[in-house]
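Okay, here's what each chain looks like letter by letter:
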Amino acid sequence: GKQYLDGRKDCDVLLQDDKSISRSHAYITVGVQDRTKATNLTYRPTIVVKESSKYGTFVNDQRLTADVETPVKEGDVVR
């Protein structure tokens, strides 16, 4: 899938005004989640936290684990 790096500096998604964001904070990957039928693919964004993120990344107040893909859905709050 397509991967975007978010952070405060030199990233695809810049979040410059928040000091709780690392320079290279987390990857947001959009890819194929379900391949049960080749003609019926489901795309779901996932977040992968870089190990260097010292401030943490949260989905619905749940801290994410480094290098573990976490699916997100409409209505989820990512901070």
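Residues numbered from 1 in each chain as written. Predicted model: local features only at pLDDT ≥ 70, side-chain atom pairs only at ≥ 80, totals over all residues. Heavy atoms only, no water.

## Some words on the overall build of the protein chain
The condition that has to hold: We count a stretch as a helix when DSSP gives it H or I for four or more residues in a row; a strand needs E for two or more, and each element gets its number in order from the N terminus. Only protein chains enter the accessibility calculation, which uses a 1.4 Å probe; a residue is then buried when its area is under 20% of its type maximum, exposed when over 50%, and partly exposed in between. Here the Shrake-Rupley method, with its probe set to 1.4 Å, supplies the accessible areas, and only the displayed protein chains count as covering residues.
A tally of helices and strands in the protein chain yields zero helices and seven strands. The secondary structure elements of the protein chain, listed N-terminal to C-terminal, are β-β-β-β-β-β-β. For the protein chain, the residues scored as buried account for 29% of the 79 residues in total. When the accessible surface of the protein chain is summed, it comes to about 5,800 Å², and 45% of that surface belongs to carbon and sulfur atoms.

## Re the pattern of salt bridges
For side chains bearing opposite charge, pairing can occur when the charged atoms are close. The following threshold applies: By definition, a salt bridge exists where a carboxyl oxygen of Asp or Glu is found within 4 Å of a side-chain nitrogen of Lys or Arg.
What the rule picks out here adds up to one salt bridge. The closest approach of N and O atoms between Arg79 and Asp61, which form a salt bridge, is 3.5 Å. You can see Arg79 sitting in the segment after strand 7 (70-71) and its partner Asp61 sitting in the loop between strand 5 (58-59) and strand 6 (62-63), a full 18 residues away along the chain. Comparing Arg79 with Asp61 shows no difference in burial state: the two are exposed.

## What about the packing of aromatic side chains?
Selection criterion: Note on aromatic contacts: the rings of Phe and Tyr and the six-membered ring of Trp form a pair at centre separations within 6.5 Å, being stacked when their planes are under 30 degrees apart, edge-to-face when over 60 apart, and tilted otherwise. Placement of a charge over a ring requires the Lys NZ or Arg CZ to be within 6 Å of the ring centre, with the centre-to-atom vector within 35 degrees of the ring normal.
Overall, the coordinates contain zero aromatic pairs when judged by the stated rule. Lying over the aromatic face of Phe58, Arg79 brings its terminal NZ or CZ to 4.4 Å of the ring centre.

## Observations regarding a nonpolar patch on the surface
Test applied: Residues qualify for a patch when their relative accessible area is over 30% and they have no salt bridge, like charges being joined within 9 Å and the nonpolar side chains of Val, Leu, Ile, Met, Phe, Trp and Tyr within 5 Å.
Together, Tyr4, Val13, Leu15 and Val30 make up a nonpolar patch on the protein surface, roughly 270 Å² of accessible area in all. You can see Val30 is positioned in strand 3 (residues 26-37). You can call Val30 partly exposed: its relative accessible area is 33%.

## A short note on unusual backbone geometry
Although it is not a glycine, Asp10 sits at a positive phi angle of roughly 50 degrees. Note on placement: Asp10 falls in the loop between strand 1 (2-7) and strand 2 (13-14). Residue classification places Asp10 among the exposed residues on the basis of a relative accessible area of 69%. Its identity as a non-glycine residue notwithstanding, Asp61 has a phi of 65 degrees, on the positive side.

## Things to note about the side chain of Asp6
Quick note on the threshold: In what follows, a contact means two residues having at least one pair of non-hydrogen atoms within 4.5 Å.
With respect to the element layout, Asp6 can be found in strand 1. Under the relative-accessibility criterion, Asp6 is labelled buried at 10%. Setting aside residues no more than four positions away along its own chain, Asp6 makes contact with Cys11, Val13, Leu15, Ser24, His25, Ala26 and Ile28.

## Here we look at a positive patch on the surface
Our working definition: Note that His is not counted, nor are the chain ends; the positive residues are Lys and Arg, and the negative ones are Asp and Glu. Charge placement uses NZ in Lys and CZ in Arg. For Asp and Glu, CG and CD serve respectively.
The grouping of Lys9, Lys19, Arg23 and Lys54 at the surface amounts to a positive patch. With respect to the helices and strands, Lys19 occurs in the loop between strand 2 and strand 3. For Lys19, a relative accessible area of 59% puts it in the exposed group.

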